[in-house]
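# Survey of secondary and tertiary structure
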Amino acid sequence: MLFRSETGIYVVNSSYGRVCDNEIICNRVGIEIDLSVGLSKNNSIYHNNLMNNTANARFTAYPSSPLPMNNWDDGYPNGGNYWGDYNGTDVHSGPFQNQTGTDGIGDVQYAVGENNKDSYPLIRPYGSIRNINTALAYLTIQSAINAHETLNGHTITVGDGVYHESIVINKTLALIGQNRDSTILEMEPEANITTIVAGNVTLSSFTIRSPHNAAPSNGVILINASYCTIQDIFVTGKFVAVKLDRGSCNNLIQNNLLRDNQYGIFLRRRPTEEMVYGNVLFNNTIVHNFWNGIELARCERNVVEANTLADNGGFGLEIRSEEHTSELQSLA
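Residues numbered from 1 in each chain as written. Predicted model: local features only at pLDDT ≥ 70, side-chain atom pairs only at ≥ 80, totals over all residues. Heavy atoms only, no water.

### So, the side chain of Asp 103
We count it as follows: By definition, any uninterrupted DSSP run of H or I lasting at least four residues is a helix, any uninterrupted run of E lasting at least two residues is a strand, and each is numbered from the N terminus. Only protein chains enter the calculation, and the probe is 1.4 Å; a residue is then buried if its accessible area is under 20% of its type maximum, exposed if over 50%, and partly exposed in between. Counted charges follow a simple rule, with Lys and Arg positive, Asp and Glu negative, and His plus the chain ends left uncounted. Here a salt bridge means any side-chain nitrogen of Lys or Arg lying within 4 Å of a carboxyl oxygen belonging to Asp or Glu. Under this definition, polar contacts are N or O atom pairs within 3.5 Å; protein pairs additionally need one hydrogen-donor-capable and one acceptor-capable atom, and for neighbouring residues in sequence, both atoms have to be side-chain atoms. In this description, contact between two residues means that some pair of their heavy atoms is separated by no more than 4.5 Å.
Within the secondary structure layout, Asp 103 lies in the loop between strand S10 (99-100) and strand S11 (110-113). This buried residue, Asp 103, is left without a salt bridge; Arg 124 holds the nearest opposite charge, at 8.2 Å. A polar contact is formed between the side chain of Asp 103 and the backbone nitrogen of Gly 94, at a distance of 3.4 Å. Engagement of the side chain of Asp 103 in a polar contact is seen with the side chain of Gln 97, the distance being 2.9 Å. Not counting the four nearest positions on each side in its chain, Asp 103 is found in contact with Tyr 76, Asp 90, His 92, Ser 93, Gly 94, Gln 97, Leu 139 and Thr 140.

### Some remarks on the pairing of strand S18 (residues 174-177)
How we decide: Note on pairing: DSSP must find at least two bridges between two strands before they are called paired.
Here 4 bridges tie strand S15 (residues 155-158) to S18, and the two strands are oriented parallel to one another. Opposite Thr 155, over in S18, you have Ala 174 as the bridge partner. Here S18 runs beside strand S21 (residues 202-209); their pairing, made up of 3 bridges, is parallel. Pairing of Leu 175 across the sheet is with Leu 203, part of S21.

### Overview of the layout of surface pockets
A probe as big as a water molecule, rolled over the atoms, marks out the empty space that is left. As a reminder of what qualifies: The method works on a 1 Å grid over the protein atoms by themselves. A cavity is a set of points holding a 1.4 Å probe that cannot get out, a pocket is an open set with protein on both sides within 12 Å along at least five of seven lines, and residues with an atom within 4 Å of a point line them. Grid points are joined across faces, edges and corners, and a volume is the space filled by probe spheres set on the points. Note on residue categories: nonpolar means Ala, Val, Leu, Ile, Met, Phe, Trp, Tyr, Cys or Pro, charged means Asp, Glu, Lys or Arg, and polar means any other residue, Gly included.
By volume, the largest pocket amounts to about 210 Å³. Contributing to the lining of the largest pocket are His 47, Tyr 76, Pro 77, Asn 78, Asp 103, Ile 105, Tyr 126, Ala 137, Tyr 138, Leu 139, Thr 140 and Ser 143. For the lining of the largest pocket, the per-class residue count stands at 7 nonpolar, 4 polar and 1 charged.

### Thoughts on the pattern of salt bridges
A side chain of one charge can pair with a side chain of the opposite charge if their charged atoms are brought near each other. Tallied over the entire structure, the rule returns 11 salt bridges. Put simply, Arg 180 and Asp 181 hold a salt bridge, and the shortest N to O gap is 3.8 Å. With a shortest N-O distance of 3.7 Å, Lys 243 and Asp 245 are connected by a salt bridge. Using a relative accessible area of 1% as the deciding quantity, one classes Lys 243 as buried. Put simply, Lys 243, Asp 245, Arg 246 and Arg 268 are held in one network by salt bridges that share partners.

### Description of the nonpolar core
Among soluble globular proteins, nonpolar side chains are generally buried collectively. Filter applied, for reference: Side-chain atoms within 4.5 Å link the members of a nonpolar core, which is a set of buried Ala, Val, Leu, Ile, Met, Phe, Trp, Tyr and Cys residues.
Counting residues in each nonpolar core, the largest one holds 43 residues, and the members touching the most others are Ile 141, Leu 175, Ile 196, Ile 208, Val 220, Val 242 and Ile 265. In this view, Ile 208 contacts Leu 185, Ile 193, Thr 194, Leu 203, Gly 219, Val 220, Ile 233, Phe 234, Val 235 and Thr 236; residues no more than four positions away in its chain are not counted. Val 19, Leu 35, Ile 45 and Trp 72 belong to the second largest nonpolar core, which has 16 residues in total.

### Quick word on the environment of Asn 255
Within the secondary structure layout, Asn 255 lies in the loop between strand S25 (252-254) and strand S26 (257-259). Overall, the relative accessible area of 33% leaves Asn 255 in the partly exposed class. For the pair Asn 255 and Phe 282, spaced 27 residues apart in the sequence, the C-alpha separation amounts to 6.8 Å. Discounting chain neighbours no more than four positions away, the residues touching Asn 255 are Arg 180, Gln 231, Asp 232, Ile 233, Phe 282, Asn 283 and Asn 284.

### Comments concerning the sheet that holds strand S8 (residues 82-83)
Paired through backbone hydrogen bonds, the strands of a sheet run either parallel or antiparallel to each other. In space, the 3 strands of this open sheet follow the order S3-S6-S8, with parallel pairing throughout. Strand pairing shows two members of the sheet lacking a second neighbour, strand S3 (23-25) and S8, which therefore form its edges. Pairing of S3 with strand S6 (residues 49-51) involves 3 bridges; the strand directions are parallel. Within S6, the position partnered with Glu 23 by the bridge is Asn 49.

### Comments concerning the packing of aromatic side chains
What counts is decided by this rule: Pairing of aromatic rings covers Phe, Tyr and Trp, the last counted by its six-membered ring, and requires centre-to-centre distances within 6.5 Å; plane angles under 30 degrees mean stacked, over 60 mean edge-to-face, and any other angle means tilted. As a reminder, the over-ring test applies to NZ of lysine and CZ of arginine, requiring each to be within 6 Å of the ring centre and within 35 degrees of the ring normal.
The tally for this structure, following the rule as stated, stands at 8 aromatic pairs. Note on Phe 59 and Trp 72: the rings are 6.5 Å apart at their centroids and 75° apart in plane angle, and the pair reads as edge-to-face. Here Phe 59, found in strand S7 (residues 55-60), pairs with Trp 72, found in the loop between S7 and S8; they are 13 residues apart in sequence, far enough to count as distant. Of the two residues, Phe 59 and Trp 72, neither departs from the other in class, the shared state being buried. Where Trp 83 meets Tyr 110, the ring centres are 4.3 Å apart and the plane angle is 10°; that geometry is what we call stacked. You can see Trp 83 sitting in strand S8 and its partner Tyr 110 sitting in strand S11, a full 27 residues away along the chain. Among the aromatic side chains, those forming a connected cluster through ring pairs are Phe 59, Trp 72, Trp 83, Tyr 86 and Tyr 110. Seen from the ring of Tyr 277, Arg 301 lies directly overhead, with NZ or CZ sitting 4.6 Å from the centre.

### Description of the sheet that holds strand S27 (residues 263-268)
Test applied: An axis is simply a line fitted to the C-alpha atoms; with a helix, the fit covers only the stretch in contact. Between two such axes, the angle follows the N-to-C directions and lies from 0 to 180 degrees.
Strand order in the open sheet made by the 7 strands is S17-S20-S22-S24-S27-S30-S33, with parallel pairing throughout. Since the sheet does not close on itself, it has two edges, and those belong to strand S17 (167-169) and strand S33 (317-320), each with one partner. Strand-to-strand twist across the sheet, computed as the mean angle between neighbouring axes with direction ignored, equals 10°. With 4 bridges joining them, strand S30 (residues 294-297) and S33 adopt parallel strand pairing. Following the sheet pairing, Ala 297 is matched in S33 by Arg 320.

### Quick word on empty space enclosed by the protein
Evaluated as defined, the whole model comprises 1 cavity of 30 Å³ or more. In this structure, the largest cavity occupies an estimated 50 Å³ of space. Lining the largest cavity we find Gly 104, Leu 122, Ile 123, Arg 124, Pro 125, Tyr 126, Gly 127, Ile 129, Tyr 138 and Leu 139. Considered class by class, the residues forming the lining of the largest cavity number 7 nonpolar, 2 polar and 1 charged.

Below you can see the structure in the form of structure tokens.
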């Protein structure tokens, strides 16, 4: 039986205060503003997670006049609160939520009460994306990477949920999901979902997926990126699950599940580009891809060891010294 407190946070005769960074869970009322004694106005209430409350917010004992205004968000792009009963989508971005792209903020305002609204409700619990070195939280993975506080050597953790982002990792970071099966990066088929252009990056514990694999795109692509580790990820529905390109050397690709893509792992050097060498492909399960499980094209000194290659439509492992130009153009 789930025990519920009466009220998580009770505000009475209090104005110009700040309520933020709280987990308000399993109460009969999450935040209650009692107007029987004073107006309790102009409080700033944001970055709270209100979940599994019978009522997330309530005003009590107020007269018939309009409710005093409180601020239920911190403006754009900082956002407001996470409301467990919010069912809006995150398709748009910007201060007026009318621009293309996601931003971790719901497209529709959350009505708290007369004269009170959260203009920028969060699409997932606050703190789901966090830099553990700075303890700062972010609303999108890309904003966590781009933040000036995020430095080489930092670790960004990502909580469970579905993140509709196409990310570029251009710093030496560790990006770690909470759980491979439930921390999901999902984008349309034509999008590269994770692009790595820095060295010494670790990517771990994500599902990376698209609805189908018809478009020439990648789940993970390394471009001139070396000494990276890609591990414990599940990639499905992409043209190439993991691609190493343009001078990407000495990377470790291990313990991944790559299924139902066109290609599993693809290493390729074009004639005018730097060599792709020294990469280790170890203990990956690469099954039921529509063409090759692993393909090496014009590459040298790579190690392929202890992988499971089964039920792929082409070859389990194909090594080419010369590219078939007409076929590989689609992988650009």
